[in-house]
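Architecture and fold: a report
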Amino acid sequence: MTPPAPRRHILTVNLEDYYQVGAFNKYVQRNRWRRFESRVEVGTARTLELLAKHGATATFFVLGWVADEYPELMRTVAAAGHEIGVRGYYHRGIRDMTPEEFGADADRARAAVEQATGRTVIGYRLADGWLGEDDLWALGVLADLGFEYDSSLAPIRRAFADDPARRFPHVHEHGDRQIVELPVSCGTMLGVRLPVGGNYLRQFPGWVTRRAAARWVRSQTAPLVAYFHTWEMDADQPRLTAGGRFTRLRHYRNLASMPDRVAALLAAYPFGSCAELLGAEPEPAPPRPAVVPLMAAPRPVAADGPRLPVSVVVPCYNEEQILPYLRKTLAEVADHLSDRYDVRFILVDDGSSDATWLGLQTGFSDNPAYTLLRHDRNRGVAAAIMTGIRGSNTEVVCSMDSDCSYDPLKLADLIPHLTPGVDLVTASPYHPAGGVKNVPGWRLWLSKGCAWLYRRVLRAKLHTYTSCFRVYRRSTVAILPLRHNRYLGVAELLGRLSIEGGTVVEVPAVLEARMHGRSKMKTVRTVIGHLGLMTRLLFARRHPASTADRDQVIRGQLSMIRRATAPDLDPTPALSAAPGRPPAPSRIARPGPPVTSTHP
């Protein structure tokens, strides 16, 4: 007699990229996804290879955005015999959406996958988190949309303790409609229920998951429902530094061992897809209108007349890992500003000890819009900015951090404020209309305290003095001598300009925690340095006659340059405020009556 076929279980795979996951959802905005180096094809290819090796099929739950961006990848997954379900269009939690928004998001994701594969989509899983007892209304929305099953429930810890039937596959009734719920299987460890798969499979010792899976198969008649993520198959993915240590531990720990852990599970049990369990056959998808992909930030309205030449200086020091992100971001900046400005970039390698210079040559040297400069030794961020300013051939020069902690697209808001008579425009996260995101509290406290002291030293009563996100009038700042080349030089440049009678405009902006790499600033040394700089600036302001002869010459040069070039170098039409410009900035006037700041 032929022995019965072994019972098949269900394998589900969340197909997404490393920067779209729950651990970083708080830090990575959806409108910046295209700036990251994509690894979704790498992780998916390794997943398909592993499944083929063990003769397993699975259900891949996909973001609609990924389906729009990588339709060929969707077809590859389907052609390998796997089912494709959806996880919503973006990586959004159910508690961030109304029922109407949830339904629209799920339907848009389904349309994107069906358009890519030509097959119907019948399954759904939440993109972020799991369904709780107060979220079961979502099953009714999915049933109304025609989904046949959902796999968004994981009875972790004490969830659904009063409704044990929810731990197993069941039918959820919604009026005259039904939808099958396929919960992720949970094993018990020390009396606590934990899912078989995903982060739990990667974080706990391998024997814990193997024992939990074996106990389920031995004691339950329902199939085991396991899961993992495609990005967990890619130990070589870029390392993001956003979030705290726990966030990074949650995401990166044991990545190298994850393929072997999944392989052990596949070797122990036969796995199939959700559709196989339900006996559903893939059908041709009905015709639908084309899905509109996620749009980039709106471009400014084109101005009449010729485009204004603008240079953007980017200092780089040991930023090898961030260069792919920087390259995509600067391309987006050039496109975003192209209707109004003729943008060229100056990338300054500040004597990096890693492969930054090689990366700059490889990624940028073939584009005539980029000029590459290099210091023979590390001199500091202010020195690199000044090198870029002096190496530019435009009167309007911008500077930005290589980590893009200020969104460079906001240059469209800053540049129009460099009107005739203005020498510098600076971004300000501490302006009443500005903001910060995910920046440590201690850093905010230090920065705001530093700004408070500078306001008592300088005529320029600003909220931020240390931002590198600025727009300069080259003829004014290129000749300024700086005593400090590193972070202090950024504040010194603004301070000297204020003392010499320059005009500074402060524009509100948002500062975010950097995504890649580490800050090079030495906190204690920088704080002490700022105190010393304030002392020198205060002395120079109160005793201008005692400054060096060179400084007096500089003041004379600044005065002559302003008088001689203001009528000719200020292309007023091109620099007029663009539509939709931000709230009115704080403006620092030229020398004269006592200075006051006005804020919106």
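Residues numbered from 1 in each chain as written. Predicted model: local features only at pLDDT ≥ 70, side-chain atom pairs only at ≥ 80, totals over all residues. Heavy atoms only, no water.

1. What to know about the overall build of the protein chain
- Of the regular secondary structure elements, the protein chain holds 20 helices and 21 strands.
- When each of the 600 residues of the protein chain is scored for burial, the buried share is 54%.
- Long-range contacts, defined here as pairs at least 24 residues apart, represent 81% of the contacts in the protein chain between residues at least 6 apart.
- Only carbon and sulfur atoms are counted for the fraction: they give 54% of the accessible area of the protein chain, which is about 26000 Å². (Helix = DSSP H or I, 4+ residues; strand = E, 2+ residues; numbered from the N terminus. Buried < 20%, exposed > 50% of the residue type's maximum accessible area, 1.4 Å probe, protein only. Contact = heavy atoms within 4.5 Å. Areas by Shrake-Rupley, 256 points an atom, 1.4 Å probe, with all protein chains shown as cover.)

2. Regarding the pattern of salt bridges
- Tallying each qualifying case throughout the model produces 19 salt bridges.
- Asp-163 is the partner of Arg-166 in a salt bridge, and the nearest nitrogen-oxygen pair spans 3.2 Å.
- If you follow the salt bridges from partner to partner, you end up with Arg-32, Arg-35, Glu-332, Asp-407 and Glu-512 in one network. (Salt bridge = Lys/Arg side-chain N within 4 Å of Asp/Glu carboxyl O.)

3. Remarks on the environment of Asp-403
- Tracing the backbone shows Asp-403 in the loop between strand 15 (396–399) and helix 14 (411–414).
- Separated by 109 residues in the primary sequence, Asp-403 and Glu-512 have C-alpha atoms spaced 9.9 Å apart.
- When residues no more than four places from it in sequence are discounted, the contact partners of Asp-403 are Ile-322 and Arg-514.
- Within the local environment of Asp-403, its side chain forms a polar contact with the backbone nitrogen of Ser-405, the two atoms lying 3.0 Å apart. (Polar contact = N/O pair within 3.5 Å; in protein donor to acceptor, adjacent residues only side chain to side chain.)

4. A few points about unusual backbone geometry
- The phi angle at Asn-318 is positive, at roughly 50°, despite the residue not being glycine.
- Among the structural elements, Asn-318 can be located in the loop between strand 12 (308–316) and helix 11 (323–337).
- Within the chain, Cys-404 stands out as a residue other than glycine whose phi angle is a positive 55°.
- Structurally, the position occupied by Cys-404 is in the loop between strand 15 and helix 14.
- Note on Cys-404: relative accessible area 5%, which makes it buried.

5. Here's the deal with the confidence of the model for the protein chain
- Per-residue pLDDT for the protein chain has a mean of 85; in total, 84% of the residues score no lower than 70.
- A low-confidence stretch, residues 560–584 (pLDDT under 50), is modelled with 47 contacts involving residues beyond four sequence positions or located in other chains.
- Low confidence marks residues 587–600, where pLDDT is under 50. Its contacts with residues over four positions away, or in another chain, come to 40 contacts. (pLDDT = per-residue confidence, 0-100.)

6. Some points on the environment of Pro-368
- As for its position among the elements, Pro-368 is in the loop between helix 12 (356–364) and strand 14 (370–374).
- Under the relative-accessibility criterion, Pro-368 is labelled exposed at 80%.
- Separated by 23 residues in sequence, Pro-368 and Phe-345 place their C-alpha atoms 9.3 Å apart.

7. What to know about the packing of helix 13 (residues 381–390) against helix 17 (residues 487–499)
- Here helix 13 crosses helix 17 at 55°, and the two axes come no closer than 6 Å. On the basis of the axis angle, helix 13 is oblique to helix 17. Each of Val-381, Ala-382 and Met-386 in helix 13 lies in contact with helix 17, whose residues at this interface are Tyr-487, Gly-489, Val-490 and Leu-493.
- For the contact of helix 13 with helix 17, the class distribution of residues is six nonpolar, one polar and no charged. (Axes fitted to C-alpha atoms, helices over the stretch in contact; angles between N-to-C directions. Parallel < 35°, antiparallel > 145°, perpendicular 65-115°, else oblique. Nonpolar A, V, L, I, M, F, W, Y, C, P; charged D, E, K, R; others polar.)

8. Details of the side chain of Thr-59
- Its location among the elements puts Thr-59 in strand 2 (residues 59–62).
- On the basis of relative accessibility, which here comes to 0%, the residue Thr-59 falls in the buried class.
- At 2.8 Å, the side chain of Thr-59 forms a polar contact with the backbone nitrogen of Cys-274.
- Not counting residues within four places of it along the chain, the set of residues in contact with Thr-59 comprises Leu-11, Thr-12, Val-13, Glu-83, Gly-85, Tyr-149, Ser-273, Cys-274 and Ala-275.

9. Remarks on the packing of helix 4 (residues 99–117) against helix 5 (residues 137–145)
- One can describe the packing of helix 4 onto helix 5 by two numbers: an axis separation of 10 Å at closest approach and a directional angle of 45°. Of the possible angle classes, the one that applies to helix 4 and helix 5 is oblique. Here helix 4 runs over helix 5; the crossing is right-handed. Seen from helix 4, the contacting residues are Pro-99, Phe-102, Gly-103, Ala-106, Asp-107 and Arg-110; seen from helix 5, they are Trp-137, Ala-138, Val-141, Leu-142 and Leu-145.
- For the contact of helix 4 with helix 5, the residue count by class is eight nonpolar, one polar and two charged. (Left-handed = near helix turned anticlockwise from the far one by under 90°.)

10. Let's talk about the environment of Leu-537
- Here Leu-537 shows up in helix 18 (residues 523–542).
- C-alpha of Leu-537 to C-alpha of Gly-495: the two residues are 42 residues apart in sequence and 6.9 Å apart in space.
- Residue contacts for Leu-537: discarding those within four places in its chain leaves Tyr-454, Val-457, Leu-458, Gly-495, Arg-496 and Ile-499.

11. What to know about helix 13
- Here helix 13 lies mainly inside the structure; eight of its 10 residues are buried.
- Within the sequence span of helix 13, burial applies to Val-381, Ala-382, Ala-383, Ala-384, Ile-385, Met-386, Gly-388 and Ile-389.

12. Some details on the packing of aromatic side chains
- According to the stated counting rule, one finds 17 aromatic pairs in the structure shown.
- Between Trp-130 and Tyr-227, the aromatic rings sit 5.5 Å apart at their centres with planes inclined by 75°, giving edge-to-face as the arrangement. Within this pair, whereas Trp-130 is found in the loop between strand 4 (123–124) and helix 5, its partner Tyr-227 is found in strand 10 (residues 225–229), the two being separated by 97 residues in sequence.
- By relative accessible area, which is 5% here, Tyr-227 ends up buried.
- Consider the rings of Tyr-200 and Phe-204, whose centres lie 6.5 Å apart with planes at 15°: the pair is stacked.
- Here Phe-204 falls in the partly exposed class, since its relative accessible area comes to 26%.
- An aromatic cluster is present here, built from Tyr-18, Tyr-19, Trp-33, Phe-36, Trp-65 and Tyr-325 joined pairwise through their rings.
- Between Arg-108 and the ring centre of Tyr-89, over which it is positioned, the NZ or CZ distance is 4.0 Å. (Phe/Tyr/Trp six-rings, centres within 6.5 Å; stacked < 30°, edge-to-face > 60°. Lys NZ or Arg CZ within 6 Å of the ring centre and 35° of its normal.)

13. Observations concerning helix 5
- Listing the buried residues of helix 5 in full gives Ala-138, Leu-139, Gly-140, Val-141, Leu-142 and Ala-143.
- Buried residues belonging to helix 5 abut helix 4, strand 4, strand 5 (149–150), strand 6 (170–174) and strand 7 (177–181).
- Looking one or two places after helix 5, you find Gly-146, whose phi comes out positive at around 95°.

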